[in-house]
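# Per-entry structural report
Chain by chain, the residues run as shown.
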Amino acid sequence: MNKVNYQPPLLTILITLISYSASAGLPKAVEIDRQKQRMMESLSSDDCQSAMNHLGRLEALQAELPQDLVFYVKGKCYYKLGEHKHAQASLEAFFNQVDSSHANYQKGLEIYNQIEDAREAFQKDLKMIQVGHRGQQFCYQMGKTFFDGDSDERKHRVCIKGFKMTTYEVTQRVWEAVMGGNPSRFKGCNECPVERVSWGDSMEFIDNLNQKTGEHYRLPTEAEWEYAARSGGKQEEYAGGDCAGCVAWHKGNSGDATHPVGQKQPNGLGLYDMSGNVWEWTASYYDKSYSGVELRSSSQRRDSGLRALRGGSWNMPPRYVRTLDRSPFTRDNRIGTIGLRLAQDL
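So, here is what we can say about the structure in this document. Keep in mind that this is a model prediction, so the values were computed, not measured.

Rules behind the numbers
Residues numbered from 1 in each chain as written. Predicted model: local features only at pLDDT ≥ 70, side-chain atom pairs only at ≥ 80, totals over all residues. Heavy atoms only, no water. Salt bridge = Lys/Arg side-chain N within 4 Å of Asp/Glu carboxyl O. Helix = DSSP H or I, 4+ residues; strand = E, 2+ residues; numbered from the N terminus. Buried < 20%, exposed > 50% of the residue type's maximum accessible area, 1.4 Å probe, protein only. Expected span 1.5 Å × (residues − 1). Contact = heavy atoms within 4.5 Å. Disulfide = S-S within 2.5 Å. Pairing = 2+ DSSP bridges. Axes fitted to C-alpha atoms, helices over the stretch in contact; angles between N-to-C directions. Phe/Tyr/Trp six-rings, centres within 6.5 Å; stacked < 30°, edge-to-face > 60°. Lys NZ or Arg CZ within 6 Å of the ring centre and 35° of its normal.

In total, this model carries 22 salt bridges according to the counting rule given. Two residues, Asp-150 and Arg-319, come together in a salt bridge whose shortest N-O distance is 2.2 Å. In this pair, Asp-150 sits in the loop between β2 (137-142) and β3 (156-161) while Arg-319 sits in the loop between β6 (307-310) and β7 (326-329), placing the two residues 169 residues apart along the sequence. The class for Arg-319 is partly exposed, based on a relative accessible area of 38%. Via salt bridges that share partners, Asp-150, Glu-153, Arg-319, Arg-322 and Asp-325 belong to a single interconnected network.

Laid out in structure tokens, this is it:
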């Protein structure tokens, strides 16, 4: 059996010391009973941060607590606080201590199943495709290299390193599992892309997802996005060829709504919906002249600079779901045509 230790943060330790000082006249046994009572009250009201703080105080008092109770509190509260890996380990330790007659067995099993469901959804919906090789730098001609495009699609040479990109756009079920809610206009479709998310919302989602999974997801740069959309820099008008309806949900075939990811043909790298369905945020600032920001991730999360959207959406004619098409958008706007796709370093 693995023991799962909760390390109380510095603030909790300071609060504990203040609490001890305020209740210095109480016998240790009474103080332990008081903290245990408050922990259980917090747990019942789903105030898991307070419950964990009280547990930290009890451990600092070296209270002799039933191990099944400790593991259950940690399992439930780590889950509520978004620490799925710690929650799963704590609940596994809990189940090693109890049988099905335990008062918290069914609730623990329900939480464990929710963690497993989220993990399976993450594995399917966040499947990654490798683009290039670790340590490899490769160059391609970005912009209008094979037909006349818009004025902001200037042809120029860029060099990028190998990376990974999610096979699909981020789905509603993954967003809800991470954020606890679904902002989408087209709800009721777990496998549809999430939309009505701002650039700032996307960054918060990525922070929470990384905390839950221990991974290092990010948004792709604009240069990475175009290279991947064009099946590795090929001369493709749409992501997967020259047939818009084969690879993209757009104004002419979408029925004015998003669709479950992965229903159209993939491009040459195995990526779906890089053209159409929803616009996708990139990590890069938008610059009409392509001054080099297309190669970089924006480090300023709260400035007013325009970000680059790519891929087009369900309400746009085929011209705007081309692999080269670009759109500038402010970071705080939320509309039902904008979602995201994730990338990782190799």
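Right, let's talk about helix α4 (residues 67-80) for a bit. The end-to-end C-alpha separation of α4 is 20 Å, in line with the 20 Å expected for 14 residues at 1.5 Å each. Counting buried residues in α4 gives 10 out of 14 residues, a clear majority hidden from the surface. Taken as a whole, α4 has its buried residues at Leu-69, Val-70, Phe-71, Tyr-72, Val-73, Lys-74, Gly-75, Lys-76, Cys-77 and Tyr-78. Tucked into the core, α4 has its buried residues touching α2 (28-44), α3 (48-60), α5 (84-95) and α6 (105-125). Downstream of α4 by a residue or two, Gly-82 has a phi angle that is positive, lying close to 85 degrees.

Right, let's get into the state of the cysteines. Counted under the stated rule, the structure contains 3 disulfides. Here Cys-189 engages in a disulfide with Cys-192; their sulfurs sit 2.0 Å apart. Residues Cys-189 and Cys-192 are joined through a disulfide that is right-handed, its torsion about the S-S bond being 75 degrees. The burial state of Cys-189 is the same as that of Cys-192; both residues are buried. Each disulfide pairs two cysteine sulfurs, and for Cys-243 the partner residue is Cys-246, the sulfurs being separated by 2.2 Å.

Taken together, the 4 strands give an open sheet; going across it, the order is β7-β6-β5-β8, and neighbouring strands pair in mixed fashion. Each edge of the sheet is formed by a strand with only one pairing partner; in this case those strands are β7 and β8 (338-340). Taken pair by pair, the neighbouring strands of this sheet meet at an average axis angle of 45 degrees, ignoring direction. Sheet topology places strand β5 (residues 279-285) next to β6; 3 bridges connect them, and they run antiparallel. By the bridge assignment for β6, Trp-281 is matched with Leu-309. Here helix α8 (residues 199-213) sits on the sheet in contact with β5, β6 and β8, set at roughly 85 degrees to β5.

Turning our eyes to something else, we now look at the packing of aromatic side chains. All told, the structure shown has 10 aromatic pairs when counted by the stated rule. Seen from their ring centres, Trp-175 and Phe-205 are 4.6 Å apart, and the 10 degrees between their planes marks the pair as stacked. Of the two residues, Trp-175 is situated in helix α7 (residues 172-179) and Phe-205 in helix α8; the sequence distance between them amounts to 30 residues. Per residue, the accessibility class of Trp-175 equals that of Phe-205, and both read buried. Among the aromatic side chains, those forming a connected cluster through ring pairs are Tyr-72, Phe-94, Phe-95, Tyr-105 and Tyr-112. Sitting over the face of the ring of Trp-249, Lys-264 holds its NZ or CZ atom 4.2 Å from the ring centroid. Against the face of Tyr-290 rests Arg-326, its NZ or CZ located 3.8 Å from the ring centre.

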